[in-house]
Every structure is written in structure tokens, then in C-alpha cells.
Amino acid sequence: MTALGSSKYMNTTVLFSGILSSAPSENPDFFNWNKVKIRYCDGASFAGHPESEQKGSGLFFRGQIIWEAIMDELLSIGMSKAKQALLSGCSAGGLATLIHCDSFRQLLSKEATVKCLADAGFFLDEKDILGNSTMKSFYHEVVQLQGVAKSLHIDCLAKMEPSKCLFSSEILKNIKTPVFLVHPAYDFWQIHNILVPEGSDPHGRWKSCRLNINNCDANLIDILDSFRNSLLKTVNEFQQRKEIGMFIDSCFIHCQTLMGETWHSPNSPKINDKTIAESVGDWFFDRQVVKLIDCPYPCNPTCHNMDFTKV
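Note that the structure is a prediction, hence the values are computed from the model and not measured.

Scoring rules and cut-offs
- Residues numbered from 1 in each chain as written.
- Predicted model: local features only at pLDDT ≥ 70, side-chain atom pairs only at ≥ 80, totals over all residues.
- Heavy atoms only, no water.
- Helix = DSSP H or I, 4+ residues; strand = E, 2+ residues; numbered from the N terminus.
- Buried < 20%, exposed > 50% of the residue type's maximum accessible area, 1.4 Å probe, protein only.
- Pairing = 2+ DSSP bridges.
- Axes fitted to C-alpha atoms, helices over the stretch in contact; angles between N-to-C directions.
- Contact = heavy atoms within 4.5 Å.
- Expected span 1.5 Å × (residues − 1).
- Polar contact = N/O pair within 3.5 Å; in protein donor to acceptor, adjacent residues only side chain to side chain.
- Parallel < 35°, antiparallel > 145°, perpendicular 65-115°, else oblique.
- Nonpolar A, V, L, I, M, F, W, Y, C, P; charged D, E, K, R; others polar.
- Core = buried A, V, L, I, M, F, W, Y, C linked by side-chain atoms within 4.5 Å.
- Disulfide = S-S within 2.5 Å.

Quick look at unusual backbone geometry
Look at the link from Tyr297 to Pro298: it is a cis peptide, with omega at 10 degrees. Structurally, the position occupied by Pro298 is in the segment after strand 5 (291–293). The phi dihedral of Asn272 falls on the positive side, at around 50 degrees, and the residue is not glycine. Assessed through its relative accessible area of 64%, Asn272 is described here as exposed. In the Ramachandran plot, Asp273 falls in the positive-phi region, its phi being about 65 degrees despite a non-glycine side chain. Locating Asp273 in the fold gives a position in the loop between helix 9 (260–263) and helix 10 (276–284). When its relative accessible area of 64% is taken as the criterion, Asp273 is described as exposed.

Given below as C-alpha cells:
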């Protein structure tokens, strides 16, 4: 009943900004590329399977075959001739990018440069403030409901339960294609849904902190910093792989590649004086190895921190 689950409610036009922009000033490396936006529609990062549908329920789990149908169409209208391609996505789309990265690579010629960019798609397998595994149980339910295991890596499935294989850190271990991670260390979606989910804060200790990171007292910042440390520890095992690029800023935001002001503008978040767009371009075109990790909050004045008190 929403734009996330039915085309009946989707906007007819979509703004192409940030990494999708056609303006060289906003998108210096990719402005003149052919660009396609795949709309979110299936609730499982394009990894649902129809075998899991319950007859008569009115719910359809077709994510994987929607993905395949879109790829077939794009290949037929010219993508098969691509010399360079970048699969990217944000949030659930960032997770979809990781799930489908290697299969996307295989669709294109061996001579083509093919890479993948996951923006805010590195969801952590962390307990919430009450010690509950909220995210793990959520993933378990999605995997069970939509039959997602069929889209996950067989080497991972041989070692652990399918819902664990949906976490980005496990997916990344098996990806052979170069990947870039754009990620805010204080990702508000993860703070709102993994660390301090609905119902976990009955006394409202986190109420104003969840809305604006500037309202967090020292004790809460310590908890947020330990959440950040979990992220850094998780990505640390990929530091040795030079084909994996990183831009991990210390901002209270979620997606940063689709908005011009955070992707590439005079006021964009920067690490070592590089915007996200410049960092992704350096990595994609092999201008340099990119492993940018910001100092902890509040050290970066270039951050665009969300303020939900105004929303």
C-alpha cells in the first residue's frame, strides 16, 4: 500500500541528482554516462523468490526475477556493449548491489571495467541497547518470508544460517568484483532501527538524541562511538584488499550518493579534502587506492547531519 511496494503509488518522474546527475559540476566523472534507476519495489533487495509465495495472500515475492528481467532488457538495448559499468545503490539498494554484484559482472564482457558501489548498505549485525538481536531477527524473517537464501552465496550458506549470509560483511567476503563502500559511521537508519529500535527506549533517554546527534549527551555519544567501532572493526578485515574502496565519514545521515549536496558540491562532506564523488572516481578509474576513514564525531565540520526535529 505504499510506493515501496506498488507502482500504483510511485512518482511518475524521478529526480536524477548526485551520482545520477548529468551536470559535470555536480558529477565530474559520471555525468555523461548512460544511467538507469531501478525502483525499489520488492522489500528484499531484489532477492525474493516466487516459490515462497502463499497462494491467495495477494503478496508476491518476485525480486530476483524482476532483477533478471530488468537486466535482460538493459542488455538488449545497449548495455551489452558497455566498456565501463558501475552498479550502485543506497540503503536496501546498497545491499542489493552487494547481493547482485558478481552476477552483474558476469553479464558484461570480460574486457569491460565493472565495479559496484554500496551506499549506506553495510548493515551491522549488532545488538540493540536492550541486548536484543533486532536486526538479526528482522533479517531472519525477511529471508524466511521471501525465500532469499536462493540469491545468497553457496559458500556462506554451507557455513551458517541463511539470515547471517544477508549481512554485508558476509556477502563481501565472497565478492570477487571491486566494491566501494560509502558509509556514515553514525548512520541514522541503523541508529533508529538496529541500535535504538522502536520500543527499546521506554523512558525516552534517546528521544532527542535520535532526532539530532547534537542533542546526545556524553554517555550516549559513547554508545554511538562503540557502534562506530563495530563498523570499523567489521570493515577492517577488508583493508588488505586494494580493490575495495571506502569512504566512511562521521556524519549523522543515511544515503549520500544520490543528493548533489552530499555527493559533490562546495559544501559536501570531505575526508582528506576529497568529496565522495572524487573518492569514488579515484577508485573506479584506478587513479589511486581509496581507504578514507574519518575521525569520530564531532570532528568533521563538513558533515550534513540530519535534524529530525525540523521534519
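Here the narrative resumes.
Remarks on the sheet that holds strand 4 (residues 245–249)
The parallel open sheet is built from five strands, whose spatial order is 1-2-3-4-5. Looking at strand neighbours, the two that pair on one side only are strand 1 (84–90) and strand 5, the edges of this open sheet. Taken over all neighbouring pairs, the strand axes of this sheet differ in orientation by 10 degrees on average, direction set aside. Of the strand pairs in this sheet, strand 1 and strand 2 (residues 113–119) are connected by seven bridges, and their pairing is parallel. The partner of Leu86 across the bridge, within strand 2, is Lys115. Sheet contacts for helix 2 (residues 92–107): strand 1, strand 2 and strand 3 (179–184); angle to strand 1, the most-contacted strand, approximately 155 degrees.

What about helix 8 (residues 218–236)?
An ideal rise of 1.5 Å per residue puts 27 Å on 19 residues; helix 8 measures up with 26 Å between its terminal C-alpha atoms. Leu220, Ile221, Leu224, Asp225, Phe227, Arg228, Ser230, Leu231, Leu232, Thr234 and Val235 are the residues of helix 8 that are buried. Tucked inside the fold, the buried residues of helix 8 contact helix 5 (168–174), strand 3, helix 6 (188–195), helix 7 (207–211), strand 4 and strand 5. Taking the backbone nitrogen of Asn219 as reference, a side-chain oxygen 3.0 Å away marks Asp217 as the first, capping residue of helix 8.

Re the environment of Arg210
Mapped onto the fold, Arg210 is located in helix 7. Residues Arg210 and Trp189 lie 21 residues apart in sequence; the distance between their C-alpha atoms is 9.8 Å.

Thoughts on the packing of helix 6 against helix 8
Two elements in contact, helix 6 and helix 8, have axes whose closest approach is 12 Å; the angle formed by their N-to-C orientations is 100 degrees. On the basis of their axis angle, the class for helix 6 and helix 8 is roughly perpendicular. Contacts between helix 6 and helix 8 pair Gln190, Ile191, Ile194 and Leu195 from the former with Ile223, Leu224 and Phe227 from the latter. Here the contact of helix 6 with helix 8 is composed, by residue class, of six nonpolar, one polar and no charged.

Some details on the nonpolar core
With 65 residues, the main nonpolar core has Phe104, Leu108, Leu172 and Leu224 as its most contacted residues. In terms of residue count, the dominant contributor to this core is helix 8 (seven residues). With near-sequence residues (within four places) excluded, Leu172 lies in contact with Leu98, Phe122, Val179, Leu181, Phe238, Arg241 and Ile244. Counting 18 residues, the second-largest nonpolar core is a separate cluster that includes Ile19, Leu117, Ile276 and Val280.

Focus: the state of the cysteines
Under the definition given, this model contains six disulfides. Between Cys209 and Cys216 runs a disulfide, and the two sulfur atoms are separated by 2.0 Å. Measuring handedness by torsion sign, the sulfur bridge of Cys209 and Cys216 sits at about 85 degrees and is right-handed. In terms of burial, Cys209 and Cys216 fall into one category: buried. The disulfide partner of Cys295 is Cys299, and the gap between their sulfur atoms is 1.9 Å. Sign of the S-S torsion, about 95 degrees for the bond between Cys295 and Cys299, identifies this disulfide as right-handed. Overall, Cys295 belongs to the partly exposed group, its relative accessible area being 37%. With relative accessibility at 33%, the residue Cys299 sits in the partly exposed group.

Notes on the pairing of strand 3
Counting buried positions over the six residues of strand 3 gives six, a clear majority of the element. The side-chain alternation of strand 3 yields two buried faces, one formed by Val179, Leu181 and His183 and the other by Phe180, Val182 and Pro184. Two elements, strand 2 and strand 3, share four bridges in a ladder whose sense is parallel. Within strand 3, the residue paired with Asp119 across the bridge is Val182. The pairing of strand 3 with strand 4 spans five bridges and is parallel. Among the inter-strand pairings, Val182 is bridged to a residue of strand 4, identified as Phe247.

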